[in-house]
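Residue-level structure breakdown
Here is what each chain is made of, one letter per residue.
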Amino acid sequence: MRILVSNDDGYNAPGLEALVKALDGLGDVTVVAPETNCSGSSNSLTLNRPLSVRQASNGYYFVNGTPSDCVHIALTGLLDFRPDLVVSGINNGANMGEDTLYSGTVAAATEGYLFGIPAIAFSLVRKGWDNLDAATRIARQVVEQQTRSPLAGQILLNVNIPAVAYEAIQEIRVTRLGKRHPSEPVVKSSTPYGEPVYWIGPVGRVSDSAADTDFGAIAQNAVSITPLRFDLTHYTQLEQVRAWAGPLCVNP
């Protein structure tokens, strides 16, 4: 088993180091991670400048780009092999509901998924690394299960782990994504020169935390595993939009 590991908190993040240790003995692990924190970078690729890849003293490769850059470079030029699994995390904070669209942690795993490689993203739901040891035990169990009994087809799993002691985790639950209300307003400030600047505001309140959602599982101290896909087609609206577009004509 050849495992490619990345994250969005940067190659020095405690969650990355803990994840690598958790995978010890499960296969050959290669780390390609961002040089700095890239939280919220989503699936962005850096196209306006060249990227550099360096290797730290611990063997980790780090890239002055996004999580997607890291996995993309690893799969298309840096590595001389194709990984069997891409693993991302352990993230410093949750990636649930619509947050998955913005997550650099999920994006790193998604890049592997888009190349047809099974991929898993791990997140510890409370910032600060409390109970990281419990999260690493869960991560190892999930990866072990994938090595023992690989899921069929294109696989992208989003795993959120409650920030509690391992003994307090109630179960591992397969969930759907929950939902939030829209984000809170931006926070307006100014520079010392009086120029206006804006900070992105806090995330919105949870609006769907049913028991079968990721929010619902975490609220009950259960691990949430959500299978994701990236076909964004709104199939139920196809006929409606066909009818709406019917009168349109390229050459009236």
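Residues numbered from 1 in each chain as written. Predicted model: local features only at pLDDT ≥ 70, side-chain atom pairs only at ≥ 80, totals over all residues. Heavy atoms only, no water.

**Looking at the overall build of the protein**
In terms of helices and strands, the protein carries six helices and 13 strands. By the compact-globule yardstick of 18 Å for 252 residues, the protein fits well, its C-alpha radius of gyration being 20 Å. Taking the principal axes of the C-alpha coordinates as reference, the protein spans close to 65 × 45 × 45 Å. Buried positions account for 45% of the 252 residues belonging to the protein. Contacts in the protein between residues far apart in sequence, at least 24 positions, make up 76% of those at least 6 positions apart. Taken together, the 18 basic and 24 acidic charged side chains of the protein have centroids lying 2 Å from each other. (Helix = DSSP H or I, 4+ residues; strand = E, 2+ residues; numbered from the N terminus. Rg over C-alpha atoms; globule rule 2.2 N^0.38 Å. Buried < 20%, exposed > 50% of the residue type's maximum accessible area, 1.4 Å probe, protein only. Contact = heavy atoms within 4.5 Å. Lys, Arg positive; Asp, Glu negative; His and termini not counted. Charge placed at Lys NZ, Arg CZ, Asp CG, Glu CD.)

**Some details on the pattern of salt bridges**
It is possible for side chains bearing opposite charge to pair when their charged atoms get close. All told, the structure shown has seven salt bridges when counted by the stated rule. With its nearest N and O atoms 2.8 Å apart, the salt bridge here joins Arg 173 to Glu 171. (Salt bridge = Lys/Arg side-chain N within 4 Å of Asp/Glu carboxyl O.)

**What about the confidence of the model for the protein?**
Of the residues in the protein, 100% have a pLDDT of 70 or more, and the chain-wide mean is 94. Mean pLDDT across the secondary structure elements of the protein bottoms out at strand E12 (residues 206-208), with 79, and peaks at strand E6 (residues 119-124), with 98. (pLDDT = per-residue confidence, 0-100.)

**Things to note about the nonpolar core**
With 35 residues, the main nonpolar core has Val 5, Phe 122 and Val 143 as its most contacted residues. Breaking this core down by element, the ones donating at least two residues are strand E1 (2-6), helix H1 (14-22), strand E2 (28-34), strand E5 (85-92), E6, helix H4 (132-148), strand E7 (156-161) and strand E13 (223-227). Counting residues per element, this core draws most heavily on H4, at six residues. Not counting residues up to four positions away in its chain, the partners in contact with Val 143 are Ile 3, Leu 23, Leu 26, Leu 85, Val 87, Ile 120 and Phe 122. (Core = buried A, V, L, I, M, F, W, Y, C linked by side-chain atoms within 4.5 Å.)

**Quick look at the sheet that holds E5**
Adjacent strands of a sheet form backbone hydrogen bonds with each other and so pair up, either parallel or antiparallel. One open sheet accounts for nine strands, arranged E3-E4-E2-E1-E5-E6-E7-E13-E8; its pairing is mixed. At either margin of the open sheet sits one strand with a lone partner, and together these are strand E3 (53-55) and strand E8 (172-174). Adjacent strand axes in the sheet meet at a mean angle of 20° when their direction is disregarded. Strand direction decides the pairing type here: E6 and E7, joined by six bridges, are parallel. Bridging across to E7, Ser 123 finds its partner in Asn 160. (Pairing = 2+ DSSP bridges. Axes fitted to C-alpha atoms, helices over the stretch in contact; angles between N-to-C directions.)

**Quick look at the environment of Ala 33**
Here Ala 33 lies in strand E2. By relative accessible area, Ala 33 is classed as buried at 0%. With sequence-adjacent residues up to four places away left out, Ala 33 is seen in contact with Ser 6, Asn 7, Tyr 11, Leu 16, Tyr 61, Phe 62, Val 63 and Cys 70.

**Overview of the packing of helix H2 (residues 67-78) against helix H3 (residues 104-114)**
The contact between H2 and H3 brings their axes to 8 Å, and the two run at 20°. Judged by the angle between their axes, H2 and H3 are roughly parallel. Both H2 and H3 take part in a crossing whose hand is right-handed. Note on element contacts: H3 touches H2 through Gly 104, Ala 107, Ala 108, Glu 111 and Gly 112, opposite Pro 67, Ser 68, Val 71, His 72 and Leu 75. (Parallel < 35°, antiparallel > 145°, perpendicular 65-115°, else oblique. Left-handed = near helix turned anticlockwise from the far one by under 90°.)

**Overview of the environment of Glu 111**
Along the chain, Glu 111 turns up in helix H3. If near-sequence neighbours (up to four positions away) are discounted, Glu 111 is found in contact with Ser 68, Val 71, His 72 and Leu 75. Looking at Glu 111, its side chain comes within polar contact range of the side chain of His 72, at 2.9 Å. (Polar contact = N/O pair within 3.5 Å; in protein donor to acceptor, adjacent residues only side chain to side chain.)

**What to know about H2**
Residues Pro 67, Ser 68, Asp 69, Cys 70, Val 71, Ala 74 and Leu 75 constitute the buried set of H2. Where H2 is buried, its residues meet E1, E2, strand E4 (61-63) and H3.

**Observations concerning a nonpolar patch on the surface**
Side chains of Leu 101, Tyr 102, Leu 114, Phe 230 and Leu 232 sit close together on the surface and give an oily, nonpolar patch of about 580 Å² of accessible area. Position of Leu 232 among the secondary structure elements: in the loop between E13 and helix H6 (238-245). According to the relative accessible area criterion, Leu 232 is exposed, its value standing at 73%. (Patch = residues over 30% accessible without salt bridge, like charges linked within 9 Å, V, L, I, M, F, W, Y side chains within 5 Å. Areas by Shrake-Rupley, 256 points an atom, 1.4 Å probe, with all protein chains shown as cover.)

**Description of the layout of surface pockets**
The computed volume of the largest pocket comes to approximately 620 Å³. Every residue lining the largest pocket is counted, 25 residues in all, and those nearest its centre are Ala 94, Asn 95, Asp 99, Tyr 102 and Val 203. Residues of the lining of the largest pocket, tallied by class, amount to seven nonpolar, 12 polar and six charged. In this structure, the second largest pocket spans a volume of roughly 460 Å³. Lining the second largest pocket are 17 residues; nearest its centre among them are Leu 101, Leu 177, Leu 228, Arg 229 and Leu 232. (1 Å grid on protein atoms, 1.4 Å probe; cavity = no way out; pocket = protein on both sides within 12 Å on 5 of 7 lines; lining within 4 Å. Points joined across faces, edges and corners; volume = space filled by probe spheres on them. Nonpolar A, V, L, I, M, F, W, Y, C, P; charged D, E, K, R; others polar.)

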